[in-house]
Amino acid sequence: LITLHTCSEHRAVAYSQPPYHQLAARDQFQRACPCTAISGCDCLRADQQEQMQEPRDAAAVSSTPRDAALPLRLAVVLLIACTQVGATQLTSRVQRGLTAPFAITWCHACLQILCWPAGNVRRTPTTDALNKSDLAIFPLLFLGANYAYVRALALASPAIVQCVFGAAPAVVCVLSRLWLREPFTRRRGLAVGAALCGVALVAAPSGSGSHHLTIGVVVALCAVLCAATYKVRWKSRFLAPSPDFVLRAVGLVGGAVAVCSLPIAVALAATGAETPPGRWTAHDSLIVLGGGVIDVLYNCSIALGLSVASPVFVATGTILAIPGNAVVDAILDRERLGPLQLLGAVAVIVAFSALASERPASAAPAEETDVANPLVDDDEEETVV
């Protein structure tokens, strides 16, 4: 009776009485506080509202989504940054005594085939499959991005090329808006503007050798465009594939590139446009092999990242490689970025910060997940994986 007809404030006083006095205390406090569910004092109504609000607050806290995969995403982004620094430095250094960008790209593509047996160690049931259009588009984008990147490293330092490649998240934002229908928020607009300003500052002429630097920046931008298109198309096709399928797909794409580009590599070596493999030293071959192995890890980390995160989040892994390459260049080559390049690097990092601080958007309705892909027909095609 005390519980039903008194509020918490008066009930606490009533319960403080001895048991044989509680009945009298109930009558006393009920007169002072004539509380019922329908009519009563203000303190009872406030108490009832507070009791009703507590379950709501608990439900709101329990319904707050927790990003359990965030540590995995951060680990993948860190792996992308480390492998990109390693592959960039080795590829840049081997070209100081060797003129064979296409041959280096072909060697790296051949090593991608190693991903195929790794993906067959433990297969999981999946409906994802590469079709004929994928085998035409993914190898072309892979070859374009890697060749342009290797070529740019022959014209500019790794730190400069990495600064330009940091514009990849901005390009991914634009392409994600067009193909994945992701919202283009003000934060993303700020990131795109900062990235473009950063690239313009990095490519600004600054003394001797600026001509090669400008050409290297333009070639690196071509690599950025191909890489961003690769990321967004992969996400639009497979969303969140299993890791074993990712490895098999990367191996198949690398094999397709190796087979289709072999005649081009042979023709360039035969005509003298590139250094023939017979004139490579053991040191050159070792560096190319090491850079290829690291490049395998880089491409696998990119594909795995796309299976657990959005293309924008994965693309920000390249930002972390900017200070990494700058530190390596300063230690090994005593080569430092100029004032304009430093300002451009800061602008690119600002773009990264704007994207990294953005909260993930809520899941889109089911009817909006069927994204029309402008790179492939809507007709059903034969799957090959």
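Residues numbered from 1 in each chain as written. Predicted model: local features only at pLDDT ≥ 70, side-chain atom pairs only at ≥ 80, totals over all residues. Heavy atoms only, no water.

1. Looking at the overall build of the protein
At step 1: Along the protein, the regular secondary structure elements total 17 helices and 0 strands.
At step 2: For the protein, buried positions account for 45% of its 385 residues.
At step 3: Taking the intrachain contacts of the protein between residues at least 6 apart in sequence as the baseline, contacts between residues at least 24 apart amount to 85%.
At step 4: Accessible surface, the protein as shown: approximately 19800 Å² in total, 65% of it carbon and sulfur. (Helix = DSSP H or I, 4+ residues; strand = E, 2+ residues; numbered from the N terminus. Buried < 20%, exposed > 50% of the residue type's maximum accessible area, 1.4 Å probe, protein only. Contact = heavy atoms within 4.5 Å. Areas by Shrake-Rupley, 256 points an atom, 1.4 Å probe, with all protein chains shown as cover.)

2. As for the nonpolar core
At step 1: Counting 64 residues, the largest nonpolar core has Phe 138, Val 161, Phe 165, Val 217 and Trp 234 as its most contacted members.
At step 2: The greatest single-element share of this core, amounting to 10 residues, is contributed by helix H8 (residues 132-153).
At step 3: What Phe 138 contacts, discounting residues up to four positions off in sequence, is Leu 130, Tyr 230, Arg 233, Trp 234, Phe 238 and Val 253.
At step 4: Within the second largest apolar cluster, 9 residues are counted, among which are Val 94, Leu 98, Ile 104 and Trp 280. (Core = buried A, V, L, I, M, F, W, Y, C linked by side-chain atoms within 4.5 Å.)

3. Topic: the environment of Gln 89
At step 1: With respect to the helices and strands, the residue Gln 89 is situated in helix H5 (residues 70-94).
At step 2: It is 9.1 Å that separates the C-alpha atoms of Gln 89 and Ser 157, two residues lying 68 residues apart in sequence.
At step 3: Here Gln 89 is in contact with Pro 158, Asn 325, Val 328 and Asp 329, once residues within four sequence places are set aside.
At step 4: Of note is the side chain of Gln 89, whose polar atom sits 3.2 Å from the side chain of Asp 329. (Polar contact = N/O pair within 3.5 Å; in protein donor to acceptor, adjacent residues only side chain to side chain.)

4. Description of the packing of aromatic side chains
At step 1: Using the criterion set out here, one finds 9 aromatic pairs in the structure.
At step 2: Ring geometry for Phe 138 versus Phe 238: centroids 6.4 Å apart, planes at 25°, classification stacked. A residue pair is termed long-range when its members are at least 10 positions apart, and Phe 138 in helix H8 and Phe 238 in helix H12 (residues 210-238) qualify at 100 residues.
At step 3: Residue Phe 138 is classed as buried on the basis of its relative accessible area of 0%.
At step 4: A relative accessible area of 3% means that Phe 238 is categorised as buried.
At step 5: Pairwise contacts between aromatic rings join Phe 138, Tyr 230, Trp 234, Phe 238 and Phe 245 into one cluster.
At step 6: The ring of Phe 138 is capped by Arg 233, whose NZ or CZ atom sits 5.3 Å from the centre of that ring. (Phe/Tyr/Trp six-rings, centres within 6.5 Å; stacked < 30°, edge-to-face > 60°. Lys NZ or Arg CZ within 6 Å of the ring centre and 35° of its normal.)

5. What to know about the packing of helix H6 (residues 101-111) against helix H13 (residues 243-270)
At step 1: At their nearest, the axes of H6 and H13 sit 9 Å apart, and the two run at 155° to each other. Judged by the inter-axis angle, H6 sits roughly antiparallel to H13. At the point where H6 passes H13, the crossing takes the left-handed sense. Between H6 and H13, the residues in contact are Phe 102, Trp 106, Ala 109 and Cys 110 and Gly 254, Gly 255, Val 257, Ala 258, Ser 261, Leu 262, Ile 264, Ala 265 and Leu 268, respectively.
At step 2: Of the residues assigned to the contact of H6 with H13, the class counts are 10 nonpolar, 3 polar and no charged. (Axes fitted to C-alpha atoms, helices over the stretch in contact; angles between N-to-C directions. Parallel < 35°, antiparallel > 145°, perpendicular 65-115°, else oblique. Left-handed = near helix turned anticlockwise from the far one by under 90°. Nonpolar A, V, L, I, M, F, W, Y, C, P; charged D, E, K, R; others polar.)

6. Describing the packing of H5 against helix H14 (residues 282-308)
Between two packed helices, both the angle of their axes relative to each other and the distance between the axes serve to describe the pair.
At step 1: The geometry of H5 relative to H14 is characterised by a closest axis approach of 8 Å and an angle of 155° between their N-to-C directions. Regarding the angle of H5 to H14, the classification is roughly antiparallel. Here the hand of the crossing between H5 and H14 comes out left-handed.

7. Considering the confidence of the model for the protein
At step 1: Per-residue pLDDT for the protein averages 74, and the proportion of residues at 70 or more is 71%.
At step 2: Mean pLDDT values over the elements of the protein span from 45, in helix H1 (residues 2-5), up to 93, in H6.
At step 3: Predicted confidence is poor over residues 1-5, with pLDDT under 50, and the contacts of this stretch with residues over four places away or in other chains come to 13 contacts.
At step 4: For the stretch residues 362-385, pLDDT sits under 50, and the model shows 36 contacts to residues farther than four places along the chain or on other chains. (pLDDT = per-residue confidence, 0-100.)

8. Considerations on the side chain of Asp 329
At step 1: Residue placement: Asp 329 occurs in helix H16 (residues 321-333).
At step 2: Summary of buried charges: Asp 329 has no salt-bridge partner, and the nearest side chain of opposite charge, Arg 93, is 4.5 Å away.
At step 3: Once you skip the residues sitting within four places of it in the chain, Asp 329 turns out to touch Gln 89, Ser 157, Pro 158, Ala 159, Arg 334 and Glu 335. (Lys, Arg positive; Asp, Glu negative; His and termini not counted. Salt bridge = Lys/Arg side-chain N within 4 Å of Asp/Glu carboxyl O.)

9. Focus on the pattern of salt bridges
At step 1: One pass over the structure, following the stated rule, counts 3 salt bridges.
At step 2: The salt bridge partner of Asp 134 is Arg 237, with a shortest N-O separation of 2.6 Å. A residue pair is termed long-range when its members are at least 10 positions apart, and Asp 134 in helix H8 and Arg 237 in helix H12 qualify at 103 residues.
At step 3: Judged by relative accessible area, Asp 134 falls into the buried class, the value being 0%.
At step 4: Three or more residues are tied together by salt bridges with common partners; here these are Asp 134, Arg 233 and Arg 237.

10. What about the side chain of Glu 274?
At step 1: The topology assignment puts Glu 274 in the loop between H13 and H14.
At step 2: Put simply, Glu 274 is tucked away with no salt bridge, and the nearest opposite charge, on Arg 151, sits 6.4 Å away.
At step 3: Engagement of the side chain of Glu 274 in a polar contact is seen with the backbone nitrogen of Ala 103, the distance being 3.2 Å.
At step 4: The residues contacting Glu 274, other than those within four sequence positions of it, are Thr 99, Ala 100, Pro 101, Phe 102, Ala 103, Leu 268 and Ala 269.

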